[in-house]
Structure formats: C-alpha cells, structure tokens
Amino acid sequence: MRKFLGSLFIFSLIPLVTGLIFLASQEWNKAESVQKVLDDNISIDTIQLEETSYMTDNQGKIISEISLAKNRVNLSDEEIPTFLKDLFVTIEDRQFYHHEGIDAVAISRAVLVNSQSTSIEQGASTITQQLARNVYLTHERTYDRKITELLYAYQMERLFSKEEILDLYINAIYFNNGTYGIEAASQFYFNTSAKKLSKAQLAFLAAIPNNPERYNPLKHFKATKNRQERILRQMVEAEFLSEKQYKKLVQEKITLNVRTKVDNYPDYVTYVHHELKQLVAAREGLTARLASKDQAVREQAEKQLQTKVTKLLNSGVTIHTALDPHLQTTAKQALNNGIAYGDIEGAAVVIQHHTQELVSLIGGKDYKKNSFNRAYQSYRQPGSAIKPLLVYAPYIEKTGASVYSQVSGANYCKNGYCPQNYGGATYGMVPLKTAFARSYNTPAVRLLDATGIETSFEYLDAFQFEQVSERDHLLTAAVGGFTYGMSPLELTRAFTSFYDGSYQPARAIVKVTDREGKTLYKWKDKQKQVWSPATVAKMRELLHEVTVRGTAKAAYFPTGYIGGKTGTTNGVKDIWFVGLTDSYTTGVWVGRDKPSSIESIYYSSPHVRIWRNISQQAEAR
C-alpha cells in the first residue's frame, strides 16, 4: 500500500512539475523580452569620452589646449597604472569583479539607512553605476535617477568587459579644477603624466573624486592628504600593501606642481579656429550651402558645421599648424613698437610663399583671444596697394608692355570721374617703372581703362576677395576705391602670386589628425597660374623699384630680393605695405578701427618700418 501511495504521489507531481517548468519557460521568455526592451531603449554601442584636443606649431610643440567641455586625456588600459586600478576597486567597489553592475548587499544596506531619512543619505553605487552616472546621467540624488542608473549599469555589464568598464571609469571621473580622468588630473596637479607618478601621488589623486569639492587639493590640501592616508590603509587591509609599504607611502611628501593650461599666440590661434571651420566645411561639402541665398539653407548648414566641428574638437584631435613661433613673436614686437600711438591699431601677416603656409598672423597690438582680429576680419580700402594686382600686372599680361613703356601722368577725366595725383601734381609721359614706384594715380586709371575694367577684374577674381563684387567694377578701383575693400590676409595672399605667377590660398592648418596619427582633414587646394613668367619678372622689377627709389625706401635692407607696394587711402585713414623677400610675403596695415586720419604719423612710415623689422628677422634665420 505504501509503495502504491508513493507511486501515486509521484505521478500526481508530474503535472505540477510540468506546470512549473512551463511557467519558468514563460518567465525566461519574458526575461529575454526585458533585455530586448532595454536594448531598444538604452542603446550603448560605444562610449566616447570627450577629451582635450591640441594645436601645434610647425615644430610639433603644443601652442593651445582645446577643451570645449571637459579637460580630459584618455588613457588606454596599458597606460593606466595597475596600482591605481587596484586602488579604485578597493575603495569604491570591492565586489567589482564578482557582480553584474549591481551590488545587492550594498543596496540593502543603503536602503536600510535611507529608510530612516526623507532623502538619500547613503549610496551603494558600484563602479559601473558611477560610470553610467558620469557618462549618461546627472548627479541628482533621487530614486528615479538611481533606478535609471541601475538599468544603464546592467546594460553596460552586458556589453563591456570589466577591464573596459574600469578603464572608462578612471578616464571619466572628475578630479576638480576642470580636470576629468587621471591623466588630465596628473598633468594639472603634478605637471607630469600619470605613468610617472609614485604610488603615494596616485593615491593622493584618487582621494579627490569621492567628493571633489571637499578634497580639492588647491583649497583643502590637508583633507585630501588625510583621505589619501585612509585609502592607503584600506589597501593594506585588502593585502595590496604591506604595513612597511604603507608607512613609507604616507610619509612621502606630496608637493603640487600646478600646470597652467597652454594657450599661446592668441592672434594666430583664433584664426586657426576660423580656418578649421572653413576646412571642415570644404571637406564635408557644406561650403556652397553656407553661401546660399536661402537663409534657411544657410542656417541648417551652419548648424551641421558647428555640430561636426564640436564633435571633432571633443575627440582629442591634433591640429597641426604652420606657425613659426619666432616670427610670430617678432611680428608682434614689431607691430607694438611701431605704433605705440593710443588708439592707432595694426595687423600683420607673414606667408612663406614657396610653401603657401601662413607662418604668422597678428590681429592687433594687445590682442586678446577671440576678440576682433584685424588681420582677417577687418575689411579696408587698399589704396594704391591694389595697383600691382588690378592695374599693372593685367596691363602687362595683356599688352606685353615693358617696365619702360610710357604712360601719361597728366590730368584725366572720364564720365565725371577725375582722379588726381598726390598733391594735385601733373606729369607728362613717364615710364611704367616711374609711375609705379612713385604711385601716380592718373597713369593707373589710364592703364585700367586701357586693359578694360572687366578684363582686369577677371584677373583679380583669381584671388577670391570675399567683399569685392560687381559694384566695385569701376575706374575708382584703380586707386583703391572699393565699397568694402579687403583684409590684410587676403591682400597678402594675393601678393604671393608675384613669387612665381601662381596662386594658392596660404593656409595656417597643415592637417588634422586623430590620437593615432591618422589624417582626418587636410586642405586640397589646387594651384592656379595667374601671371606668365614674363609678367612676374617685370612686376618684381617694379616692386623692387618701390623700395629703392619709390614710396617705400624705408623698407629696404640688403638681401637677395626685396620689393613691395605702399597704399594710402583718402584722408590717410589706412596705410599699407605689402612686399616680398626671397622666402616670405608680408603685409602690414595700420589705421584706426573707426576710420579717421592718421596723417600725424604717416610721414614716419610706421607701416613700412614694421614690415622691414619683420622681414629682416625672417630672412636672417
């Protein structure tokens, strides 16, 4: 009977067990659907931590650190000291290698403590949860945020290895004073890389993230040191350190060596940021849309461009530039010394013309980063400095005239326009060489008329002056009468065509590379032949004559080649000198931001002397 009843009981359990298996299977399927819901709603394919980008000079030396949001330098797993990894696991999450993102025991303990308060008094965050909070969430102390944090942590544990999570955590956490991640903290507080820090220094930095304000070493050094000692004691308890090692580490003197953020040469760096937008726009096919007549199209393109540039600068790139620090310093000193006259300002541009590289750019006397940069943002009438480009070179190119060909310097009127030479002087027939060197006006207008206004402007179009338009196609342009004019950078770029007859926009940016050195962006400008070799030879002779017998004799110094052209606008509101030596094309502008006469300094030729001081230093190298 007992055997029978036993068998009956076992058979009766079969449906129950079957039902339990069925229900378990259903729950398992539901569990899988929960994962699917998480995958659909919490997408974590990769984690890209924002990091600092850099700008370098022509020798590869950093001239500017670019941190749009966070000052961070990401380290790879191999670059993070093992001691630091062990230390963070010990002080933040001892069960890190055993849980799946959530420490149930720690949560239970925290719930018990918090249940006795109206707010969250104790956390139970694992390293994974802290990473989720730093990357995706906020630091507000609410239950909603905590639940979301748990879901993110669960997802991250499914998608990343423990090593990846720990590396990301060490690179992500905040160390106060604008520094994120151990490398940026190491460079800021000790002015060296994390891999060069002692264990005592690493432990000192590791003390900060627990409460960055309370343990800010610059304000609360003693509190930070006390916490360092406590966490080193925890390392002894976790058997990562011996008692002897502990005593040695806590006795090691911690001396901060706070590093100032590198941000030099503000004139040039500001321009590079401007050029970077142009480069990204050109390579991403946005240039035409940015110039669209449709405002909506322009605004959408600008938004796309800004997004791309911001993402690029937050990815730890290096912007390699052509900056020559010595010439930049020389040009700045020459400008400041040359126009120490109250509100009179200036700008200077230096281009290495055989490479078409912008090696120096000065935006003003006491230029502050991101302020108005006169070198590329100020558009002023060029005066006679436009004559080589718009008048003489096109005339010689079309007619084959020699530098000794004759032109009248007498009075001239056409359609009501009657220009005058300086001081109202009149001249008979004079060689082109004389008319050019002494900057006579009536010969220039005659030559423009003889070549044809439209023909001459076709040559000028090659230089892509941004503010020059069809309304400037008048005889007045022969002597610099433009609606808006051109920037010092534009005019200096154009003069590089007198080096060998070709034109290619001079660039500050050589290339943009990622952390691995891969080139992401690079200019792909094509060289355009503007002047024939014969025209170039004649123009160089004319330009040289200006510096030996003409309006810029103060520019002359013994060198292989020297030549250039002055320019003065009506009322002496702007004075220019743009010229060439064997290696460089340099342009200088002097004037007031609000145009008014600077005749009081005109006769001392500050623009020409500034040019000579820069060019002498450049050629002497």
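Computed from a prediction, not measured in an experiment: that's the story for all the values here.

Focus: the overall build of the protein
Move 1: Helix and strand content of the protein: 23 helices and 16 strands.
Move 2: Put simply, the protein has 621 residues, and 51% of those count as buried.
Move 3: The long-range share in the protein, meaning contacts at least 24 apart out of those at least 6 apart in sequence, stands at 69%.

Regarding the confidence of the model for the protein
Move 1: Mean pLDDT over the protein: 91, with 88% of residues reaching 70 or higher.
Move 2: pLDDT under 50 marks residues 117-123. Its contacts with residues more than four places away, or in other chains, come to 14 contacts.

Here's the deal with the sheet that holds strand 7 (residues 357-362)
Move 1: Pairing in this open sheet of five strands is antiparallel, and the strands run 7-6-16-15-14 from one edge to the other. For this open sheet the edge positions go to strand 7 and strand 14 (562-568), each flanked by a neighbour on one side alone. Across the sheet, the mean angle from the axis of one strand to that of its neighbour is 10°, orientation sign disregarded.
Move 2: Two elements, strand 15 (residues 574-581) and strand 16 (residues 584-591), share seven bridges in a ladder whose sense is antiparallel. Within strand 16, the position partnered with Trp576 by the bridge is Trp589.
Move 3: The strands touched by helix 23 (residues 606-620) within the sheet are strand 6 (345-352), strand 14, strand 15 and strand 16, with strand 15 carrying the most contacts at an inclination of about 25°.

Quick look at helix 11 (residues 266-283)
Move 1: Here helix 11 spans 26 Å end to end across 18 residues, near enough to the 26 Å set by a 1.5 Å rise per residue.
Move 2: Taken together, the buried positions of helix 11 are Asp267, Tyr268, Val269, Thr270, Tyr271, Val272, Glu275, Leu276, Leu279, Val280 and Ala281.
Move 3: Phi turns positive, to about 70°, at Gly285, one or two residues after helix 11.

Quick word on the packing of helix 2 (residues 82-92) against helix 6 (residues 162-172)
Move 1: Close contact between helix 2 and helix 6 brings their axes to 11 Å; oriented N to C, the two are set at 90°. Between helix 2 and helix 6, the crossing angle belongs to the class labelled roughly perpendicular. Contacts between helix 2 and helix 6 involve Leu84, Lys85, Phe88, Val89 and Glu92 on the former and, on the latter, Leu166, Asp167, Tyr169 and Ile170.
Move 2: Among the residues forming the contact of helix 2 with helix 6, the class breakdown is six nonpolar, no polar and three charged.

So, the environment of Ser497
Move 1: One can find Ser497 in helix 20 (residues 497-500).
Move 2: Note on Ser497: relative accessible area 0%, which makes it buried.
Move 3: For the pair Ser497 and Lys528, spaced 31 residues apart in the sequence, the C-alpha separation amounts to 9.4 Å.
Move 4: Excluding residues that lie within four positions of it along the chain, Ser497 makes contacts with Leu389, Phe463, Ser502, Trp531 and Val536.
Move 5: Here the side chain of Ser497 touches Trp531 through a polar contact of 3.0 Å, side chain to side chain.

With respect to the nonpolar core
Move 1: Residues Leu389 and Leu491 are the most contacted members of the largest nonpolar core, which totals 113 residues.
Move 2: Looking at this core element by element, the count peaks at eight residues for helix 11.
Move 3: The residues contacting Leu389, other than those within four sequence positions of it, are Pro394, Leu460, Phe463, Phe465, Leu491, Ala494, Phe495, Ser497, Phe498 and Trp531.
Move 4: Counting residues in each nonpolar core, the second largest holds 49 residues, with Ala172, Ile173, Ala194 and Tyr246 among its members.

A short note on the state of the cysteines
Move 1: Within this structure, the stated rule accounts for one disulfide.
Move 2: A disulfide bridge connects Cys413 with Cys418, and the sulfur atoms are separated by 1.9 Å. Judged by the sign of its S-S torsion, about 125°, the bond between Cys413 and Cys418 is right-handed.
Move 3: The exposure class of Cys413 is exposed, given its relative accessible area of 53%.
Move 4: Judged by its relative accessible area of 42%, Cys418 falls in the partly exposed class.

A look at the sheet that holds strand 1 (residues 53-56)
Move 1: Read from one edge of the open sheet, five strands run 2-1-5-11-12, paired in mixed fashion. Looking at which strands have only one partner, the edges of the open sheet turn out to be strand 2 (62-66) and strand 12 (519-521). Along the sheet, successive strands turn relative to each other by an average axial angle of 30°, direction set aside.
Move 2: As paired strands, strand 5 (residues 318-321) and strand 11 (residues 509-513) are joined by four bridges and run antiparallel to one another. The residue of strand 11 that forms the bridge with Ile319 is Val512.
Move 3: Here helix 11 sits on the sheet in contact with strand 1, strand 2, strand 5, strand 11 and strand 12, set at roughly 70° to strand 11.

Quick word on the pattern of salt bridges
Move 1: According to the stated counting rule, one finds 23 salt bridges in the structure shown.
Move 2: A salt bridge links Arg507 to Asp525; its shortest N-O distance comes to 2.8 Å. Of this pair, Arg507 sits in the loop between strand 10 (502-503) and strand 11 while Asp525 is found in the loop between strand 12 and strand 13 (528-529), placing the two residues 18 residues apart along the sequence.
Move 3: Judged by its relative accessible area of 13%, Arg507 falls in the buried class.

The rules behind the values
All chains use their own residue numbering, which begins from 1 and follows the written sequence. Local features are withheld for residues below a pLDDT of 70 in this predicted model, meaning they are given only at 70 or higher, and side-chain atom pairs are given and counted only at 80 or more; totals for whole chains, interfaces and linings count all residues. The side-chain numbers reported here are obtained from all heavy atoms of the structure, hydrogens and water having been left aside. Secondary structure follows DSSP: runs of H or I at least 4 residues long count as helices, runs of E at least 2 residues long count as strands, and numbering of each begins at the N terminus. Classification of residues uses two cut-offs on accessible area relative to the type maximum, computed with a 1.4 Å probe and protein chains only: under 20% is buried, over 50% is exposed, and between them is partly exposed. Whether two residues are in contact is decided by their heavy atoms: any pair within 4.5 Å suffices. Each residue carries a pLDDT score, the predictor's confidence in it, ranging from 0 to 100. Strand pairing follows a simple DSSP-based rule, namely that at least 2 bridges must link the two strands. Axis lines are fitted to C-alpha atoms, over the contacting stretch for helices. Their N-to-C directions set the angle, which ranges from 0 to 180 degrees. Expected helix span is taken as 1.5 Å per residue step, with the number of steps being one fewer than the number of residues. Angles are sorted into four bins: roughly parallel if under 35 degrees, roughly antiparallel if over 145, roughly perpendicular if 65 to 115, and oblique for all others. In this classification, the charged set is Asp, Glu, Lys and Arg, the nonpolar set is Ala, Val, Leu, Ile, Met, Phe, Trp, Tyr, Cys and Pro, and all remaining amino acids, among them Gly, are polar. Two N or O atoms form a polar contact when they lie within 3.5 Å of each other; inside protein one atom must be a possible hydrogen donor and the other a possible acceptor, and for residues adjacent in sequence the pair counts only when both atoms belong to side chains. Residue types Ala, Val, Leu, Ile, Met, Phe, Trp, Tyr and Cys, when buried and joined through side-chain atoms within 4.5 Å, form a set referred to as a nonpolar core. What counts as a disulfide here is a pair of cysteine sulfur atoms lying within 2.5 Å. Salt bridge, as used here, is a side-chain nitrogen of Lys or Arg placed within 4 Å of a carboxyl oxygen of Asp or Glu.

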